[in-house]
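Below, each chain spelled out in residue letters.
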Amino acid sequence: LTYAATMDIALVRELFEHCARAADELGVDAGFRAELRRTAERLPPLQIGARGQLQEWIEDFPEAEPAHRHVSHLYSLFPGHGISVEATPELAAAARRTLELRGDGGTGWAAAWKVALWARLRDAGHAYDNVKFLMTRSTLPNMFDLHPPFQIDGNLGATAGITEMLIQSTPASIRVLPALPPRWAVGSLTGVRVRGGAQVDIAWKDGRLTEFRLRAGQAKTYTVAYGERTATVRVGPGAPVALDGTLGRINR
């Protein structure tokens, strides 16, 4: 029993940010919005422990079970957005160290979560290893996730994690093929909904993007990233966007 566990702080901080952003968008609750932001500044920061890991508790306690399957303190990496390779490289490195110390696999849902966490770190090898673990050791012949017993978290988490390997998004950005493993050299993904409400189709061959398509029911602007390349695109009703593997426009 403790106070200020890292997952609690991550959840509260994200809730405050979302509430304040919604108030901004709607132009309401100015006083509450300011209170949320003042309070968020008083929350404890995410900390890096003595082993280089993201600290799980308010103090850097020794772990009673170092390889335990729970990695709840990595919430800010996935499904949250408080940790990212670009914006918070030191915290991303600490999250990586946490995953290295805990090890791959676990129960079905734990392996599924690790797929998504490694994908956010753009580590295709570790993400693929956990997909393989999940499918070969934690999936029943009827495709139910094996906790054991059946636990649907692994099924839903697996689809989310595999999607994160292929497409990652924020309301203003889309990253294509961030963690594509070499074994998936050829493939496609169709009709995936990204944050902000748009839909994406992608295709790749020989491990490289060949086509990216974006459509939306309302006007939206996204920064699309693939490798080191970026492109700013505007999409809307009746105005889909198609890009090639260099993120150049395809005119059709």
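Residues numbered from 1 in each chain as written. Predicted model: local features only at pLDDT ≥ 70, side-chain atom pairs only at ≥ 80, totals over all residues. Heavy atoms only, no water.

Student: Could you give an account of empty space enclosed by the protein, naming the residues involved and the relevant values?
Tutor: The method is simple in principle: a probe with the dimensions of a water molecule rolls over the atoms, and the space it marks as empty is what remains. With the rule as written, the count across this model stands at 3 cavities of 30 Å³ or more. In this structure, the largest cavity spans a volume of roughly 60 Å³. Around the largest cavity, the lining residues are Ala4, Thr6, Ile9, Pro44, Pro45, Leu46, Gln47, Gln55, Trp57 and Ile58. A breakdown of the residues in the lining of the largest cavity according to their chemical character gives 7 nonpolar, 3 polar and no charged. Quantified by volume, the second largest cavity comes out at close to 50 Å³. Gln53, Leu54, Gln55, Glu56, Trp57, Asp60, Phe61 and Glu63 are the residues that line the second largest cavity. (1 Å grid on protein atoms, 1.4 Å probe; cavity = no way out; pocket = protein on both sides within 12 Å on 5 of 7 lines; lining within 4 Å. Points joined across faces, edges and corners; volume = space filled by probe spheres on them. Nonpolar A, V, L, I, M, F, W, Y, C, P; charged D, E, K, R; others polar.)

Student: How would you explain the pairing of strand β6 (residues 220-226) if you had to name every residue and give the values?
Tutor: Counted residue by residue, β6 has 5 buried out of 7 residues, so it is predominantly covered. Where β6 and strand β7 (residues 229-235) come together, 7 bridges link them in antiparallel fashion. In the sheet register, Ala225 faces β7, and the bridge partner there is Thr230. Here β6 folds back onto β7 in antiparallel fashion, the turn holding 2 residues, of which Gly227 has a positive phi close to 60 degrees. (Buried < 20%, exposed > 50% of the residue type's maximum accessible area, 1.4 Å probe, protein only. Helix = DSSP H or I, 4+ residues; strand = E, 2+ residues; numbered from the N terminus. Pairing = 2+ DSSP bridges.)

Student: Tell me about the packing of aromatic side chains, residues and numbers included.
Tutor: One pass over the full model with this rule turns up 2 aromatic pairs. Measuring from ring centre to ring centre gives 6.2 Å for Tyr128 and Trp184, while their planes differ by 75 degrees; the resulting arrangement is edge-to-face. In this pair, Tyr128 is assigned in helix α5 (residues 124-137) and Trp184 in the loop between β2 (173-176) and β3 (187-193), connecting sequence segments 56 residues apart. Taking relative accessible area as the criterion, Tyr128 reaches 19% and is therefore assigned buried. The ring of Tyr222 has Lys220 sitting right over it, with the charged end atom 5.6 Å from the ring centre. (Phe/Tyr/Trp six-rings, centres within 6.5 Å; stacked < 30°, edge-to-face > 60°. Lys NZ or Arg CZ within 6 Å of the ring centre and 35° of its normal.)

Student: An account of a nonpolar patch on the surface is needed here, citing residue identities and associated values.
Tutor: Taken together, the side chains of Phe144, Phe150, Ile152 and Leu156 make up a nonpolar region of the molecular surface, amounting to roughly 380 Å² of accessible area. Locating Phe144 in the fold gives a position in the loop between α5 and α6 (152-166). (Patch = residues over 30% accessible without salt bridge, like charges linked within 9 Å, V, L, I, M, F, W, Y side chains within 5 Å. Areas by Shrake-Rupley, 256 points an atom, 1.4 Å probe, with all protein chains shown as cover. Salt bridge = Lys/Arg side-chain N within 4 Å of Asp/Glu carboxyl O.)

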